[in-house]
Amino acid sequence: MAVNIAVIGGTGVYDPGLLSNARSEKITTPFGEVTICLGKSQDKEVAFVSRHGEEHNVPPHLVNYRANIWALKKIGVRNILATAAVGSLNPAMKPGDFVFVDQFLDFTKTRAHTFIEQGGLHPDMTAPYCAALRHFLSEAANRLNLRFHLKGTYVCTEGPRFETPAEIRLFQKIGGDLVGMTGIPEVTLAREAGICYACSAVVTNFAAGISTTVLSHQEVVAAMEKYQDNLRRLLSQVLILIDENRTCFCQASAFV
Ligand code: HPA
């Protein structure tokens, strides 16, 4: 049976505890092998991929984004719910808040970022994140009384280092709300593959220079642990609400 919905777990989301009867499968792709966890949640077949790998140790700039998206496409996925730990540049977006990202600014540098190898193919990015999935997420967050923002501009940096305060000031000036290291090229590859994609960003900290302390990965992981329960509730609720069989602009724009 084809699996329609996938969760890509970011930092701090390694075992969402969402799936019953979970089993693990290795999927072969032209870009390498991906281990996918498959199971049931809310009466739906759901796939789970850990973005940073099975051992949770692949840094943001070395994640095999193409293999992950290809593998999900191969098993029939049409909807991806990604999670991401992010720093906030926007005083209204506070630690613990969810942001259903609607735009991005791409500051990555070295990543294999596309499936396209042919001239004349240029994916539209007017609405990179699926509006329908963002709507289901906001409905789920409303039902659970979670603090959330329906929109936000995600700045993707190359990592693995955190940003300088000068970079954060620049990102604020050009309209960024959040900063993270993994959103690109995941969202753009999903669009190339014709898969609806939404990102539930969890604010773990204020960004460098706004935060009064130095930043560390441990701080981000500890914050994600604190908000993990809300994230699990959000994902369970949205899995109830998603209409798997809808047609969507994102799916009509496949390039692979
Ligand atoms: N910067 C980049 N990535 C992040 C941050 C940050 O402040 N917090 C969580 N992921």
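### Quick word on helix H5 (residues 217-241)
A maximum bend of about 50° is found in H5 at tyrosine 227. Buried residues of H5: Val220, Ala223, Met224, Tyr227, Leu231, Leu234, Leu235, Ser236, Gln237, Val238, Leu239 and Leu241, and no others.

### Regarding the site of the ligand
In the neighbourhood of the ligand, the contacting residues comprise Ala85, Val86, Gly87, Phe162, Glu163, Val179, Gly180, Met181, Thr204, Asn205, Leu215 and Val220. Coverage of the ligand by the protein chains reaches 95% of its 270 Å² of free accessible surface. Looking at the shell around the ligand element by element, the count peaks at three residues for strand S5 (residues 79-88). Of the residues contributing to the shell around the ligand, the split by class is seven nonpolar, four polar and one charged.

### Considerations on the state of the cysteines
Evaluation of the coordinates by the stated rule reveals zero disulfides. Free cysteine: cysteine 130, not disulfide-bonded; nearest cysteine sulfur from cysteine 196 at 3.8 Å. Its sulfur unpaired, cysteine 196 is 3.6 Å from the next cysteine sulfur, which belongs to cysteine 248.

### Quick look at the packing of aromatic side chains
Per the stated rule, a full pass over the model turns up eight aromatic pairs. Consider the rings of phenylalanine 31 and tryptophan 70, whose centres lie 5.6 Å apart with planes at 75°: the pair is edge-to-face. Here the residue phenylalanine 31 occupies a position in the loop between strand S2 (20-29) and strand S3 (32-41), and tryptophan 70 occupies one in helix H1 (residues 65-74), the gap between them amounting to 39 residues. Looking at tryptophan 70, the relative accessible area reads 30%, which means it is partly exposed. Measuring from centroid to centroid gives 5.6 Å for phenylalanine 100 and phenylalanine 148, while their planes differ by 35°, and the two rings are tilted. Pair noted here: phenylalanine 100 is in strand S6 (residues 98-100) and phenylalanine 148 is in strand S8 (residues 148-149), with a separation of 48 residues, a long-range link. The class of phenylalanine 100 is buried, set by a relative accessible area of 0%. By relative accessible area, phenylalanine 148 is classed as partly exposed at 22%. Here a set of aromatic residues connected by ring pairs shows up, and it is made of Phe31, Trp70 and Phe115.

### A word on the packing of H1 against helix H4 (residues 183-192)
Where H1 contacts H4, the axes come no closer than 9 Å and their chain directions differ by 35°. As for how H1 packs across H4, the hand of that crossing is right-handed. Mapping the contact onto sequence places Tyr65, Arg66 and Ile69 in H1 and Ile184, Pro185, Glu186, Leu189 and Ala190 in H4.

### Comments concerning the nonpolar core
Of all hydrophobic cores here, the largest spans 40 residues; its most connected members are Ile36, Ile69, Leu72, Ile75 and Ile80. Of all elements in the fold, only strand S1 (5-9), S3, strand S4 (44-50), H1, S5, strand S9 (153-157), H4 and strand S11 (196-206) reach the threshold of two or more residues within this core. Ranked by residue count, the leading element in this core is H1, at five residues. The residues contacting isoleucine 80, other than those within four sequence positions of it, are Ala6, Ile8, Ile69, Leu72, Leu133, Ala190, Ile195, Cys196, Tyr197 and Ala198. In this structure, Ile5, Phe98, Leu137 and Tyr227 belong to the second largest nonpolar core, which totals 35 residues.

Rules of the game
Residues numbered from 1 in each chain as written. Predicted model: local features only at pLDDT ≥ 70, side-chain atom pairs only at ≥ 80, totals over all residues. Heavy atoms only, no water. Bend = angle between axes of the 7 residues up to and from the residue. Helix = DSSP H or I, 4+ residues; strand = E, 2+ residues; numbered from the N terminus. Buried < 20%, exposed > 50% of the residue type's maximum accessible area, 1.4 Å probe, protein only. Near = heavy atom within 4 Å. Areas by Shrake-Rupley, 256 points an atom, 1.4 Å probe, with all protein chains shown as cover. Nonpolar A, V, L, I, M, F, W, Y, C, P; charged D, E, K, R; others polar. Disulfide = S-S within 2.5 Å. Phe/Tyr/Trp six-rings, centres within 6.5 Å; stacked < 30°, edge-to-face > 60°. Axes fitted to C-alpha atoms, helices over the stretch in contact; angles between N-to-C directions. Left-handed = near helix turned anticlockwise from the far one by under 90°. Contact = heavy atoms within 4.5 Å. Core = buried A, V, L, I, M, F, W, Y, C linked by side-chain atoms within 4.5 Å.

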